Each structure stands twice: as structure tokens, then as C-alpha cells.
Amino acid sequence: MPPNILIIGNICKDIIYSTQCYPPEDSKVKALSRDIRIGGNTGNIVQVLSQLRNCNINCCVKLGSCQFSYYIKSMLKNEGVRVIGVVEPDMDIPESVLIHSNETSSRTCLHYRGNCNDLTCEEVLSAVGDMSKYDWVHLEHRRNGLEVLKLAKQIRERRAEVVMSIDIEKIREGFEEMLSVVDYPIVSKEVCRALGFDNLLAALAGLSVHCSHALIVTWGDKGAGMWLAQGTDNLTFNSDMLHKVDRNTFTCDAFKVEDIVDSIGAGDSFSAGFIYCSSQKDKTQLPESLLLACKLAASKLKHCGMTVDPSVLDL
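Residues numbered from 1 in each chain as written. Predicted model: local features only at pLDDT ≥ 70, side-chain atom pairs only at ≥ 80, totals over all residues. Heavy atoms only, no water.

Remarks on the pattern of salt bridges
Under the criterion given, the structure shown has 16 salt bridges. Between E88 and K62 there is a salt bridge whose closest N-O contact spans 2.8 Å. Of this pair, E88 sits in the loop between β5 (81-87) and β6 (95-101) while K62 sits in strand β4 (residues 56-63), placing them 26 residues apart in sequence. Taking relative accessible area as the criterion, E88 reaches 22% and is therefore assigned partly exposed. Residue R156 is joined to D183 by a salt bridge in which the shortest nitrogen-to-oxygen separation is 2.9 Å. Of this pair, R156 sits in helix α4 (residues 145-158) while D183 is found in the loop between α5 (175-181) and β10 (184-187), placing the two residues 27 residues apart along the sequence. The network of salt bridges with common partners includes R113, D118, E140, R142 and R143. (Salt bridge = Lys/Arg side-chain N within 4 Å of Asp/Glu carboxyl O. Helix = DSSP H or I, 4+ residues; strand = E, 2+ residues; numbered from the N terminus. Buried < 20%, exposed > 50% of the residue type's maximum accessible area, 1.4 Å probe, protein only.)

Right, here's the structure in full:
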């Protein structure tokens, strides 16, 4: 049976302007193109997962009664995603205006939340209902960090065997405890640097003391690494890009990308790749999951949008 995967978080409206170079302050420049699409961590992850075979994708998100909310539901339904909407009738969908520089491939984001509140634990549990149908649940550690921690604990109580992962892109309340509650916390380079770690291995060693099962750290063009409490002795390493560091730790090199076209959603592509591969295979294949995650993230940098190159799945 294909695994049932539930992604919980926020979706927003991305308005992306492409310019030749980033505009100086108080200047007027010509936008070369404009693209409006579904964005946000959850929006990006489910769009990637929906293109991969042999998994059932569900997402629980806040929606309003605006036209773009209906567009989100219709668009994702057409892509095979089941949308569990927590509806606030007067809520506006958050918007991100992104300026993409062709000269440097940088992207600058202006995010407007409007009157959108983060999902609460009670809202999610009420909307989702029976947790027993889900094999994997992925969370976002948002600004209401303690509420997300409460949700993770409630999910664990209701379905002890469910696998949980979480994206941690900023340091929020409950951060350290969250590392021990979920199975696979995915921590960004920015969080690690803010905590004083200056390289991938140092971050894995320093943060793993808070983890009960595993830890994933991403480090951009330096690749990613994983720490496993159970050790790495029973794992299979089938690529020269994978490196066993010690009995608990291994890393994966980043795939080289000569010309970066669009970095928007690269981190979400990484998370989607790890969730997808890990939910399909036994735990001896975790190195392959990290490899696919790095490969999907690199592939995303080569084009605009969240379309997946089918060749990426050939590991």
C-alpha cells in the first residue's frame, strides 16, 4: 500500500518578479517577468510530492473565502493532493512578493501575513480527525513554536507508530524539546549558525545531544548530514557522494549546479525528497533518502517553479 503522508503548515500566494539585477533603493527598474503561484513551505512540499509515484498526499492548511483559497484547493486537487482546510471566512491568504535577480540568482522576499493566524493544535486535530490512517506526518516549526510542540505530542499520543518530521528554519520556543519529540527534525544552516555552529559536522554533533531518534542538518552547497541514535552499522551506502563519518553520523555531498536559475523552494524540495524516499523504503536505506533529498534540491535550482525532473529519481 502507498504510504499516507500528511503535511501540516501554511500555504501562501507567491508573486515573483524577475529583474536583471536587484534594484537599488529609491529606484525604478523593469520587471522582466511576473509569476503568481502557490507557495509557502507546505505548498511547495506537496507540489513536489504530488509528482512522485506511489504515495498519497494530504495537507492541512488555513484557508479563507477569497478567490485564491479556492484556486489553491482546485489546483492541488487536480494534482492529486487532498486538502484539509481550516477555514476562516474573513482571512486573507498570506502573500510573498519575491524579487529574483538574474544577475546574481538571489531572491529577496517581502512577506505579508495579513490577518492569517497560524494553525492551532486543536484546529488541526479537529480538522484531521482519525490519525490512524497516516504513516508520516510533517510539520513546520512556525512562530507559535509551543503550539506546534503541543501538536507533535498529541499526534504521538494518538498514533505512537507514526513517523514525524519537521522543518526548523528559525529558532522558536520549544526548539530543543521538539528535537526529541519528532523522529526526523530537519534543521537549516541558518539556525545552526545562529546557535554558534560554523560547519555541518559541528552542528550535527552539537544538536544531536537533544535528539532521541535522528537529526538532519542542511548546509547549502556543502550538502547535508544525518545523525542516527541507532548507529550507521546496518545502513547501505551505494554512492561515492555518501560518507560515513562515525558510527552515528554520515553526510551527503551537494550536487554541483553551475548556473542557478531559481532558488525558491530548494529547501522544500529537499524535505519532500527525504520524506518521499524514507516513507517508501526500510530504514537501512536512509542514506539513499538523503541522497535523493540533495539531488531534488539541486535540480530545483536549475529551473523556475516546482516541476520535478523525472530523471532525478534515478539514483
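On we go from here.
A word on the packing of helix α8 (residues 266-280) against helix α9 (residues 286-300)
At a minimum axis distance of 7 Å, the contact between α8 and α9 shows a crossing angle of 150°. Between α8 and α9, the crossing angle belongs to the class labelled roughly antiparallel. Regarding α8 and α9, the two cross each other, and that crossing is right-handed. In this structure, α8 contributes A266, S269, F270, G273, F274, Y276, C277 and S278 to the contact, and α9 contributes L286, E288, S289, L290, L292, A293, C294, L296, A297 and K300. When its residues are assigned to classes, the contact of α8 with α9 shows twelve nonpolar, four polar and two charged. (Axes fitted to C-alpha atoms, helices over the stretch in contact; angles between N-to-C directions. Parallel < 35°, antiparallel > 145°, perpendicular 65-115°, else oblique. Left-handed = near helix turned anticlockwise from the far one by under 90°. Contact = heavy atoms within 4.5 Å. Nonpolar A, V, L, I, M, F, W, Y, C, P; charged D, E, K, R; others polar.)

Here we look at the nonpolar core
The nonpolar side chains of a soluble globular protein tend to be buried, and buried together. Of all hydrophobic cores here, the largest spans 53 residues; its most connected members are L49, L76 and F270. F270 has contacts with I186, I216, T218, A224, L290, A293, C294 and A297, leaving out every residue within four places of it along the chain. V124, V191, C192 and L207 belong to the second-largest nonpolar core, a separate cluster that totals 41 residues. (Core = buried A, V, L, I, M, F, W, Y, C linked by side-chain atoms within 4.5 Å.)

Points about α8
Here α8 is 15 residues long and its end C-alpha atoms lie 21 Å apart, about the 21 Å a rise of 1.5 Å per residue gives. For α8, the buried fraction is high: 13 of the 15 residues fall into the buried class. (Expected span 1.5 Å × (residues − 1).)

Concerning α4
For α4, which comprises 14 residues, the first-to-last C-alpha distance of 20 Å matches the rise-based estimate of 20 Å (1.5 Å per residue) to within 8%. When α4 is considered as a whole, its buried residues turn out to be G145, V148, L149, L151, A152 and I155. Summarising the axial view, the buried residues of α4 lie within an arc of 160°, below the 170-degree limit, and thus occupy one face. For α4, the secondary structure elements touched by its buried residues are β1 (4-8), α3 (121-128), β8 (136-140), β9 (163-168) and α5. (Arc of directions from axis to C-beta.)

Some thoughts on the sheet that holds strand β2 (residues 12-19)
Judged by pairing direction, the sheet is mixed, and its four strands sit side by side in the order β3-β2-β6-β7 without closing on themselves. Unpaired on one side and paired on the other, β3 (33-39) and β7 (107-112) mark the two borders of the sheet. Between one strand and the next, the sheet's axes are offset by a mean angle of 20°, whatever the strand orientation. Bridge count for β2 against β3 is seven bridges, and the pairing is antiparallel. Across the sheet, C12 pairs through a bridge with G39, a residue of β3. (Pairing = 2+ DSSP bridges.)

Digging into the sheet that holds β5
Taken in spatial order, the ten strands of this open sheet run β5-β4-β1-β8-β9-β10-β11-β12-β14-β13, and their pairing is mixed. In the strand order of this sheet, the two ends are held by β5 and β13 (242-244), each with one partner. Within this sheet the neighbouring strands show an average axis-to-axis angle of 15°, counted without direction. Inspection of the sheet shows β13 paired to strand β14 (residues 249-252) by three bridges, in the antiparallel sense. Within β14, the residue paired with H243 across the bridge is T251. Packed on one face of the sheet, helix α7 (residues 200-207) meets β10, β11 (214-218), β12 (224-228) and β14 and runs near 150° to β11.

Points about the environment of I11
Tracing the sequence through the fold places I11 in the loop between β1 and β2. The spacing of I11 and A194 is 183 residues in sequence and 26 Å in space, taken between C-alpha atoms.

Some details on the pairing of β4
Of all eight residues in β4, seven are buried, a share of seventy percent or more. Two elements, β1 and β4, share five bridges in a ladder whose sense is parallel. When the bridges of β4 are listed, I8 appears paired with C60. The pairing of β4 with β5 spans seven bridges and is parallel. From the neighbouring strand, C59 faces β5, where its bridge partner is V83. One crossover worth recording links β4 to the parallel β5 by way of helix α2 (residues 67-78), and it is right-handed. (Right-handed = clockwise from strand over helix to strand, strands pointing away.)

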